[in-house]
Amino acid sequence: MSVPETLRNILAHVPRSLITIVKRCSSITLWHFLRNIFSLWNVIVQKLRERKHFTKGNLDNSPLSTAPCNDREKGREADAGVGSATILCSRDRAVEPDDGKGGCTPHTRRSNPPLRDPKLLCRLPSILSMLSALDHPGFISRALGATQRKQAVQGNGFGATQYGNERLEHETDVKKWVVFCNTFQKDVENINLLATVLLTANFSFLAIQSIDQNGLSYWPQRLSYTSLLCALGSILMGLAVRTPRFFTAYSSSYFQVMALILGFPFELFLYSVFSFIAALIVHFGIHGARFQWIAAIVIFSPVVMCLGLYWFVTEPQEKQLICSWEARGEEARGAEAAAIRGAGAV
(Lines give C-alpha, C1' and ligand atoms only; values in the text may rest on other atoms or scores of the structure.)
Protein backbone atom coordinates (compact mmCIF):
# COMPACT_ATOMS: atom_id res chain seq x y z
CA MET A 1 0.00 0.00 0.00
CA SER A 2 1.39 3.39 -1.02
CA VAL A 3 1.95 6.27 1.40
CA PRO A 4 -0.95 8.47 0.05
CA GLU A 5 -3.42 5.62 0.44
CA THR A 6 -2.22 4.97 4.00
CA LEU A 7 -2.66 8.67 4.94
CA ARG A 8 -6.11 8.69 3.34
CA ASN A 9 -7.21 5.70 5.40
CA ILE A 10 -5.89 7.25 8.62
CA LEU A 11 -7.59 10.61 7.99
CA ALA A 12 -10.86 8.86 7.14
CA HIS A 13 -11.05 7.55 10.71
CA VAL A 14 -10.23 10.92 12.37
CA PRO A 15 -13.82 12.34 12.36
CA ARG A 16 -15.17 9.13 13.92
CA SER A 17 -12.52 9.30 16.63
CA LEU A 18 -13.37 12.91 17.40
CA ILE A 19 -17.07 12.11 17.66
CA THR A 20 -16.32 9.23 20.03
CA ILE A 21 -14.13 11.46 22.22
CA VAL A 22 -16.80 14.19 22.35
CA LYS A 23 -19.47 11.69 23.34
CA ARG A 24 -17.33 10.23 26.11
CA CYS A 25 -16.32 13.68 27.44
CA SER A 26 -19.77 14.90 28.32
CA SER A 27 -20.66 18.49 29.10
CA ILE A 28 -20.72 17.63 32.81
CA THR A 29 -17.05 16.61 32.76
CA LEU A 30 -16.12 19.76 30.85
CA TRP A 31 -18.05 21.92 33.24
CA HIS A 32 -16.43 20.27 36.27
CA PHE A 33 -13.09 21.34 34.80
CA LEU A 34 -14.32 24.91 34.25
CA ARG A 35 -15.78 25.02 37.75
CA ASN A 36 -12.45 23.96 39.23
CA ILE A 37 -10.74 26.74 37.26
CA PHE A 38 -13.22 29.33 38.61
CA SER A 39 -12.80 28.01 42.16
CA LEU A 40 -9.02 28.22 41.90
CA TRP A 41 -9.27 31.80 40.63
CA ASN A 42 -11.55 32.80 43.53
CA VAL A 43 -9.15 31.23 46.06
CA ILE A 44 -6.18 33.10 44.56
CA VAL A 45 -8.03 36.43 44.66
CA GLN A 46 -9.12 35.83 48.26
CA LYS A 47 -5.57 34.96 49.35
CA LEU A 48 -4.17 38.09 47.69
CA ARG A 49 -6.78 40.26 49.40
CA GLU A 50 -6.06 38.68 52.80
CA ARG A 51 -2.32 39.20 52.32
CA LYS A 52 -2.94 42.86 51.41
CA HIS A 53 -5.07 43.47 54.51
CA PHE A 54 -2.57 41.58 56.69
CA THR A 55 0.32 43.73 55.44
CA LYS A 56 -1.70 46.90 55.97
CA GLY A 57 -2.65 45.78 59.50
CA ASN A 58 0.98 45.12 60.36
CA LEU A 59 1.95 48.60 59.19
CA ASP A 60 -0.85 50.19 61.23
CA ASN A 61 0.08 48.24 64.37
CA SER A 62 3.83 48.85 64.15
CA PRO A 63 5.38 50.91 66.99
CA LEU A 64 6.09 54.51 66.02
CA SER A 65 7.99 55.72 69.06
CA THR A 66 10.62 54.59 71.51
CA ALA A 67 10.37 54.23 75.25
CA PRO A 68 9.64 57.45 77.19
CA CYS A 69 12.63 59.19 78.67
CA ASN A 70 11.01 61.53 81.20
CA ASP A 71 7.76 62.19 83.03
CA ARG A 72 6.43 64.50 80.33
CA GLU A 73 6.80 61.86 77.67
CA LYS A 74 5.24 59.27 79.97
CA GLY A 75 2.19 61.52 80.40
CA ARG A 76 1.91 62.03 76.65
CA GLU A 77 2.11 58.27 76.08
CA ALA A 78 -0.60 57.63 78.69
CA ASP A 79 -2.93 60.13 76.98
CA ALA A 80 -2.32 58.47 73.62
CA GLY A 81 -3.05 55.06 75.16
CA VAL A 82 -6.40 56.27 76.51
CA GLY A 83 -7.34 57.71 73.10
CA SER A 84 -6.38 54.48 71.34
CA ALA A 85 -8.41 52.40 73.80
CA THR A 86 -11.43 54.66 73.27
CA ILE A 87 -11.21 54.36 69.47
CA LEU A 88 -10.69 50.59 69.68
CA CYS A 89 -13.76 50.22 71.84
CA SER A 90 -15.89 52.32 69.50
CA ARG A 91 -14.68 50.43 66.43
CA ASP A 92 -14.96 46.84 67.63
CA ARG A 93 -18.20 47.12 69.59
CA ALA A 94 -20.10 49.66 67.49
CA VAL A 95 -20.27 52.26 70.23
CA GLU A 96 -19.48 55.93 70.56
CA PRO A 97 -16.27 57.33 72.11
CA ASP A 98 -15.75 57.74 75.82
CA ASP A 99 -18.57 59.53 77.65
CA GLY A 100 -16.24 60.94 80.31
CA LYS A 101 -17.19 58.37 82.95
CA GLY A 102 -14.63 55.74 82.09
CA GLY A 103 -16.80 53.72 79.70
CA CYS A 104 -18.20 53.63 76.16
CA THR A 105 -21.68 54.97 75.42
CA PRO A 106 -23.73 52.62 73.18
CA HIS A 107 -24.93 54.09 69.91
CA THR A 108 -28.68 53.41 69.68
CA ARG A 109 -31.38 54.36 67.20
CA ARG A 110 -35.02 53.45 66.66
CA SER A 111 -36.06 51.94 63.37
CA ASN A 112 -38.93 53.23 61.29
CA PRO A 113 -40.38 50.15 59.56
CA PRO A 114 -43.17 50.46 56.97
CA LEU A 115 -45.59 48.74 59.34
CA ARG A 116 -45.50 51.85 61.60
CA ASP A 117 -45.83 54.30 58.72
CA PRO A 118 -49.36 55.77 58.36
CA LYS A 119 -48.67 56.32 54.62
CA LEU A 120 -48.13 52.63 53.95
CA LEU A 121 -49.88 52.66 50.56
CA CYS A 122 -47.30 55.10 49.21
CA ARG A 123 -44.57 52.55 49.84
CA LEU A 124 -46.17 49.61 48.02
CA PRO A 125 -43.74 49.84 45.04
CA SER A 126 -40.97 49.12 47.52
CA ILE A 127 -42.52 45.81 48.59
CA LEU A 128 -42.97 44.88 44.92
CA SER A 129 -39.25 45.49 44.47
CA MET A 130 -38.56 43.25 47.47
CA LEU A 131 -40.72 40.40 46.14
CA SER A 132 -39.58 40.61 42.51
CA ALA A 133 -35.93 41.71 42.81
CA LEU A 134 -35.09 41.11 46.52
CA ASP A 135 -34.85 44.93 46.95
CA HIS A 136 -31.42 44.96 45.29
CA PRO A 137 -32.25 47.93 42.99
CA GLY A 138 -33.33 49.83 46.10
CA PHE A 139 -30.07 48.89 47.82
CA ILE A 140 -28.06 50.28 44.90
CA SER A 141 -30.13 53.49 44.71
CA ARG A 142 -29.96 54.21 48.44
CA ALA A 143 -26.24 53.46 48.75
CA LEU A 144 -25.43 55.45 45.61
CA GLY A 145 -27.64 58.34 46.76
CA ALA A 146 -25.71 58.51 50.05
CA THR A 147 -22.57 59.48 48.08
CA GLN A 148 -24.22 62.44 46.35
CA ARG A 149 -24.85 65.92 47.73
CA LYS A 150 -25.79 69.43 46.60
CA GLN A 151 -24.13 72.64 47.72
CA ALA A 152 -25.44 76.19 47.23
CA VAL A 153 -22.78 78.41 45.63
CA GLN A 154 -22.70 81.72 43.73
CA GLY A 155 -22.31 82.02 39.97
CA ASN A 156 -22.83 79.68 37.04
CA GLY A 157 -21.26 76.34 36.32
CA PHE A 158 -21.71 73.02 34.59
CA GLY A 159 -24.21 70.61 36.08
CA ALA A 160 -25.83 73.19 38.36
CA THR A 161 -29.45 74.06 39.07
CA GLN A 162 -30.07 77.84 39.08
CA TYR A 163 -32.16 79.44 41.88
CA GLY A 164 -31.98 83.24 41.60
CA ASN A 165 -28.44 84.41 42.32
CA GLU A 166 -27.48 81.02 43.77
CA ARG A 167 -27.09 77.65 42.16
CA LEU A 168 -26.95 74.10 43.49
CA GLU A 169 -23.66 72.45 42.64
CA HIS A 170 -23.81 68.66 42.29
CA GLU A 171 -20.89 66.93 43.99
CA THR A 172 -19.74 63.46 45.06
CA ASP A 173 -18.41 62.79 48.55
CA VAL A 174 -15.13 61.00 47.79
CA LYS A 175 -14.87 59.29 51.19
CA LYS A 176 -18.39 57.87 50.94
CA TRP A 177 -17.72 56.92 47.31
CA VAL A 178 -14.72 54.81 48.36
CA VAL A 179 -16.88 53.03 50.96
CA PHE A 180 -19.59 52.44 48.36
CA CYS A 181 -17.06 51.04 45.85
CA ASN A 182 -15.66 48.58 48.39
CA THR A 183 -19.14 47.38 49.37
CA PHE A 184 -20.27 47.11 45.75
CA GLN A 185 -17.15 45.17 44.76
CA LYS A 186 -17.81 42.53 47.42
CA ASP A 187 -21.44 42.32 46.30
CA VAL A 188 -20.45 41.77 42.66
CA GLU A 189 -17.93 39.08 43.63
CA ASN A 190 -20.64 37.19 45.52
CA ILE A 191 -23.04 37.51 42.57
CA ASN A 192 -20.42 36.20 40.12
CA LEU A 193 -19.74 33.22 42.37
CA LEU A 194 -23.46 32.39 42.60
CA ALA A 195 -23.87 32.82 38.83
CA THR A 196 -21.02 30.35 38.32
CA VAL A 197 -22.80 27.82 40.52
CA LEU A 198 -26.00 28.38 38.52
CA LEU A 199 -24.11 27.71 35.29
CA THR A 200 -23.10 24.35 36.74
CA ALA A 201 -26.72 23.57 37.62
CA ASN A 202 -27.91 24.41 34.10
CA PHE A 203 -25.24 22.27 32.42
CA SER A 204 -26.16 19.37 34.68
CA PHE A 205 -29.87 19.87 33.97
CA LEU A 206 -29.31 19.95 30.19
CA ALA A 207 -27.24 16.76 30.39
CA ILE A 208 -30.19 14.75 31.78
CA GLN A 209 -31.27 12.22 29.17
CA SER A 210 -34.98 12.99 29.39
CA ILE A 211 -34.20 16.68 28.78
CA ASP A 212 -31.66 16.24 26.00
CA GLN A 213 -33.54 13.67 23.91
CA ASN A 214 -36.56 15.96 23.37
CA GLY A 215 -34.56 18.53 21.38
CA LEU A 216 -34.35 22.31 21.53
CA SER A 217 -38.12 22.72 21.15
CA TYR A 218 -38.67 21.19 24.59
CA TRP A 219 -39.79 24.04 26.89
CA PRO A 220 -37.72 23.06 29.94
CA GLN A 221 -34.65 23.04 27.70
CA ARG A 222 -35.52 26.48 26.32
CA LEU A 223 -35.91 27.89 29.81
CA SER A 224 -32.68 26.29 30.95
CA TYR A 225 -30.77 27.79 28.03
CA THR A 226 -32.30 31.18 28.89
CA SER A 227 -31.09 30.76 32.47
CA LEU A 228 -27.63 29.79 31.24
CA LEU A 229 -27.34 32.86 29.00
CA CYS A 230 -28.55 35.18 31.77
CA ALA A 231 -25.94 33.75 34.14
CA LEU A 232 -23.21 34.32 31.55
CA GLY A 233 -24.43 37.89 31.02
CA SER A 234 -24.40 38.47 34.78
CA ILE A 235 -20.78 37.31 35.03
CA LEU A 236 -19.63 39.45 32.10
CA MET A 237 -21.48 42.55 33.35
CA GLY A 238 -20.14 41.99 36.85
CA LEU A 239 -16.58 41.90 35.52
CA ALA A 240 -17.22 45.16 33.66
CA VAL A 241 -18.59 47.14 36.64
CA ARG A 242 -16.63 45.35 39.38
CA THR A 243 -14.89 48.65 40.23
CA PRO A 244 -17.37 51.47 39.47
CA ARG A 245 -16.10 54.51 37.55
CA PHE A 246 -16.36 57.82 39.37
CA PHE A 247 -19.84 59.32 39.06
CA THR A 248 -21.71 62.53 39.89
CA ALA A 249 -25.50 62.74 39.62
CA TYR A 250 -25.91 65.97 37.67
CA SER A 251 -29.60 65.18 37.18
CA SER A 252 -32.14 62.49 38.01
CA SER A 253 -31.60 60.86 34.60
CA TYR A 254 -27.86 60.50 35.35
CA PHE A 255 -28.71 58.86 38.64
CA GLN A 256 -31.28 56.45 37.20
CA VAL A 257 -28.92 55.33 34.42
CA MET A 258 -26.09 54.69 36.88
CA ALA A 259 -28.35 52.79 39.29
CA LEU A 260 -29.64 50.65 36.38
CA ILE A 261 -26.15 49.80 35.14
CA LEU A 262 -24.77 48.92 38.57
CA GLY A 263 -27.82 46.78 39.36
CA PHE A 264 -27.80 44.92 36.04
CA PRO A 265 -25.47 42.03 37.12
CA PHE A 266 -27.79 41.10 39.98
CA GLU A 267 -30.92 41.49 37.84
CA LEU A 268 -29.52 39.14 35.19
CA PHE A 269 -28.60 36.67 37.91
CA LEU A 270 -32.13 36.88 39.30
CA TYR A 271 -33.63 36.31 35.84
CA SER A 272 -31.37 33.26 35.55
CA VAL A 273 -32.68 31.91 38.86
CA PHE A 274 -36.32 32.48 37.87
CA SER A 275 -35.78 30.81 34.46
CA PHE A 276 -34.16 27.78 36.07
CA ILE A 277 -37.00 27.43 38.58
CA ALA A 278 -39.51 27.74 35.73
CA ALA A 279 -37.66 25.02 33.77
CA LEU A 280 -37.91 22.67 36.74
CA ILE A 281 -41.59 23.38 37.32
CA VAL A 282 -42.51 22.92 33.64
CA HIS A 283 -40.55 19.67 33.55
CA PHE A 284 -42.44 18.45 36.62
CA GLY A 285 -45.76 19.39 35.03
CA ILE A 286 -45.05 17.64 31.72
CA HIS A 287 -44.16 14.38 33.45
CA GLY A 288 -46.95 14.61 36.02
CA ALA A 289 -44.63 14.73 39.04
CA ARG A 290 -47.20 15.58 41.71
CA PHE A 291 -44.84 15.14 44.66
CA GLN A 292 -42.31 17.60 43.18
CA TRP A 293 -45.13 20.10 42.58
CA ILE A 294 -46.20 19.90 46.22
CA ALA A 295 -42.58 20.22 47.38
CA ALA A 296 -42.08 23.37 45.27
CA ILE A 297 -45.25 24.96 46.69
CA VAL A 298 -44.31 24.06 50.27
CA ILE A 299 -40.80 25.52 49.88
CA PHE A 300 -41.41 28.71 47.90
CA SER A 301 -44.64 29.87 49.55
CA PRO A 302 -42.92 30.51 52.93
CA VAL A 303 -40.07 32.23 51.05
CA VAL A 304 -42.46 34.78 49.52
CA MET A 305 -44.28 35.23 52.83
CA CYS A 306 -41.03 35.78 54.76
CA LEU A 307 -39.82 38.35 52.22
CA GLY A 308 -43.03 40.34 52.70
CA LEU A 309 -42.83 40.18 56.49
CA TYR A 310 -39.14 41.10 56.37
CA TRP A 311 -40.01 44.26 54.41
CA PHE A 312 -42.85 45.20 56.80
CA VAL A 313 -40.84 45.08 60.05
CA THR A 314 -37.43 46.44 58.91
CA GLU A 315 -36.01 49.53 57.25
CA PRO A 316 -32.99 49.93 54.94
CA GLN A 317 -29.76 51.16 56.46
CA GLU A 318 -27.34 51.67 53.56
CA LYS A 319 -27.04 55.41 54.20
CA GLN A 320 -26.43 54.94 57.94
CA LEU A 321 -23.82 52.24 57.31
CA ILE A 322 -21.91 54.39 54.83
CA CYS A 323 -21.90 57.32 57.26
CA SER A 324 -20.81 55.12 60.20
CA TRP A 325 -18.03 53.49 58.16
CA GLU A 326 -16.85 56.94 57.14
CA ALA A 327 -16.83 58.05 60.80
CA ARG A 328 -14.83 54.97 61.77
CA GLY A 329 -12.36 55.74 59.01
CA GLU A 330 -12.03 59.29 60.31
CA GLU A 331 -11.35 57.96 63.84
CA ALA A 332 -8.69 55.58 62.56
CA ARG A 333 -7.00 58.29 60.48
CA GLY A 334 -7.12 60.70 63.43
CA ALA A 335 -5.49 58.14 65.72
CA GLU A 336 -2.79 57.43 63.14
CA ALA A 337 -2.09 61.16 62.68
CA ALA A 338 -1.87 61.65 66.45
CA ALA A 339 0.59 58.76 66.75
CA ILE A 340 2.74 60.21 63.93
CA ARG A 341 2.73 63.65 65.58
CA GLY A 342 3.76 62.03 68.87
CA ALA A 343 6.61 60.21 67.16
CA GLY A 344 7.76 63.44 65.50
CA ALA A 345 7.72 65.29 68.80
CA VAL A 346 9.94 62.62 70.34
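Residues numbered from 1 in each chain as written. Predicted model: local features only at pLDDT ≥ 70, side-chain atom pairs only at ≥ 80, totals over all residues. Heavy atoms only, no water.

**A short note on the nonpolar core**
Part 1 of the argument: In terms of nonpolar packing, the biggest core is built from 18 residues, with Ala195, Leu199, Phe205, Ile211, Phe266 and Phe269 touching the most fellow members.
Part 2 of the argument: At the level of elements, α7 (174-206), α9 (219-240) and α10 (252-286) are the ones that each hand at least two residues to this core.
Part 3 of the argument: Considering every element that reaches this core, the biggest residue donor is α7, with six residues.
Part 4 of the argument: If you look at the next biggest cluster of nonpolar residues, it comprises 15 residues, including Ala143, Leu144, Phe180 and Cys181. (Core = buried A, V, L, I, M, F, W, Y, C linked by side-chain atoms within 4.5 Å. Buried < 20%, exposed > 50% of the residue type's maximum accessible area, 1.4 Å probe, protein only. Helix = DSSP H or I, 4+ residues; strand = E, 2+ residues; numbered from the N terminus.)

**Points about the pattern of salt bridges**
Part 1 of the argument: Under the counting rule described, the total for this entry stands at two salt bridges.
Part 2 of the argument: Ionic pairing is found between Asp135 and Arg142, a salt bridge with its closest N-O pair at 2.9 Å.
Part 3 of the argument: On the basis of relative accessibility, which here comes to 13%, the residue Asp135 falls in the buried class.
Part 4 of the argument: Accessibility expressed as a relative area gives 25% for Arg142, which makes it partly exposed. (Salt bridge = Lys/Arg side-chain N within 4 Å of Asp/Glu carboxyl O.)

**Concerning the environment of Leu262**
Part 1 of the argument: Within the secondary structure layout, Leu262 lies in helix α10.
Part 2 of the argument: Linking Leu262 and Val241, residues 21 residues apart in sequence, is a C-alpha distance of 6.7 Å.
Part 3 of the argument: Excluding residues that lie within four positions of it along the chain, Leu262 makes contacts with Ile140, Phe180, Phe184, Val241 and Pro244. (Contact = heavy atoms within 4.5 Å.)

**What about α9?**
Part 1 of the argument: In this model α9 runs 32 Å from its N-terminal to its C-terminal C-alpha over 22 residues, within 8% of the 32 Å that 1.5 Å per residue would give.
Part 2 of the argument: Of the positions making up α9, those classed as buried are Pro220, Gln221, Leu223, Ser224, Ser227, Leu228, Cys230, Ala231, Ser234, Ile235 and Gly238. (Expected span 1.5 Å × (residues − 1).)

**Here we look at the packing of aromatic side chains**
Part 1 of the argument: According to the stated counting rule, one finds seven aromatic pairs in the structure shown.
Part 2 of the argument: Relative to Phe184, the ring of Phe180 has its centre 6.0 Å away and its plane inclined at 20 degrees; by these criteria the two rings are stacked. Within this pair, Phe180 and its partner Phe184 are both found in helix α7, separated by four residues, close to a single helical turn.
Part 3 of the argument: An angle of 75 degrees between the planes, with centres 5.9 Å apart, marks the rings of Phe205 and Phe276 as edge-to-face. Placement of the pair is Phe205 in helix α7 and Phe276 in helix α10, with a sequence separation of 71 residues.
Part 4 of the argument: Through pairs of rings, three or more aromatic residues link up here, namely Trp177, Phe180, Phe184 and Phe246.
Part 5 of the argument: It is Arg222 that lies over the ring of Trp219; its NZ or CZ is 4.9 Å from the centre. (Phe/Tyr/Trp six-rings, centres within 6.5 Å; stacked < 30°, edge-to-face > 60°. Lys NZ or Arg CZ within 6 Å of the ring centre and 35° of its normal.)

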